[in-house]
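Residue-level listing of the chains:
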Amino acid sequence: MKTTISELRRRACGADHSLMKELEGKYAKYANEENARRKADHEANNPAMMAKRAKEAGDFNGAIAKYNEAISAESDPSKQALYYYQIGQIKGKKMNDFSGGMAAAKQAAQLRPDWGNPHMLMADLYVQNSKKCGSAFKQKCAYIAAVDKYRQAKSIDPSIASKADEKISRYNGTKPEKENAFMQGYTAGQTISLPCIGTSIKLRF
């Protein structure tokens, strides 16, 4: 059909000719169907693309399964890190699975040590889960952990410095009050364990 259409055009057959209209209509239908088939085949063989679509559709478990499939099929550590990061985003922020989100973020950071986004995600999860730490004092300690992690993120990846500085500026003022800490027997520089978010901090006010 494509060859015939080209030949008819070469012979100056007008676009309003009935044969041209018929052939062009049939070819357009065929081309659309073929492009859709090729796109479906491409997506079926691309688990990362299918994972992205599942995430956008709100199918978080399906997205995680496809990202894990993409990780298994991939040999490039940078791409594996990206997929782990996406899993961390889904588990930590969409599904409120703190431990799962942190584990995936740590995997991403390990695979790509010069990338700050996994550390930004960890810091965000500290903030998001600070209330699990119980007392107001411990919750504020969790914010210290988040600020420390934001600082680590920008120290290894200058490209996200402005984003990290914005978060640091937002949370840096949320520290424990000195008087309150002293009444509980804590002093500046003391190491405070925070099992609630799986880390520890050096106390500051």
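These numbers were taken from a predicted model, which means no experiment stands behind them.

(A) The arrangement of the packing of aromatic side chains in detail. Across all of its chains, the model carries seven aromatic pairs by this definition. Pairing tyrosine 27 with tyrosine 30 gives two aromatic rings, centres 6.1 Å apart and planes at 45 degrees, and the pair type is tilted. Linking tyrosine 27 with tyrosine 30, this pair stays in helix H2 (residues 18-44), spanning three residues, or about one helical turn. Judged by centre distance (4.6 Å) and plane angle (15 degrees), the rings of phenylalanine 137 and tyrosine 186 are stacked. Here the residue phenylalanine 137 occupies a position in helix H8 (residues 136-156), and tyrosine 186 occupies one in the loop between helix H10 (178-183) and strand E1 (191-194), the gap between them amounting to 49 residues. Pair check on accessibility: phenylalanine 137 and tyrosine 186 agree, each one buried. An aromatic cluster of three or more residues is present, and its members are Tyr143, Tyr150 and Tyr171.

(B) View of the state of the cysteines. Applying the stated rule across the entire model yields one disulfide. Here cysteine 133 is linked by a disulfide to cysteine 196, with a sulfur-sulfur distance of 2.0 Å. Its S-S torsion of approximately 85 degrees makes the covalent link between cysteine 133 and cysteine 196 right-handed. Taken together, the positions of cysteine 133 in the loop between helix H7 (117-128) and H8 and cysteine 196 in the loop between E1 and strand E2 (199-202) put the pair 63 residues apart, joining distant regions of the chain.

Reading the values: the criteria
- Residues numbered from 1 in each chain as written.
- Predicted model: local features only at pLDDT ≥ 70, side-chain atom pairs only at ≥ 80, totals over all residues.
- Heavy atoms only, no water.
- Phe/Tyr/Trp six-rings, centres within 6.5 Å; stacked < 30°, edge-to-face > 60°.
- Helix = DSSP H or I, 4+ residues; strand = E, 2+ residues; numbered from the N terminus.
- Buried < 20%, exposed > 50% of the residue type's maximum accessible area, 1.4 Å probe, protein only.
- Disulfide = S-S within 2.5 Å.

In short, the description is geometric, and any link to function would need to be established separately.
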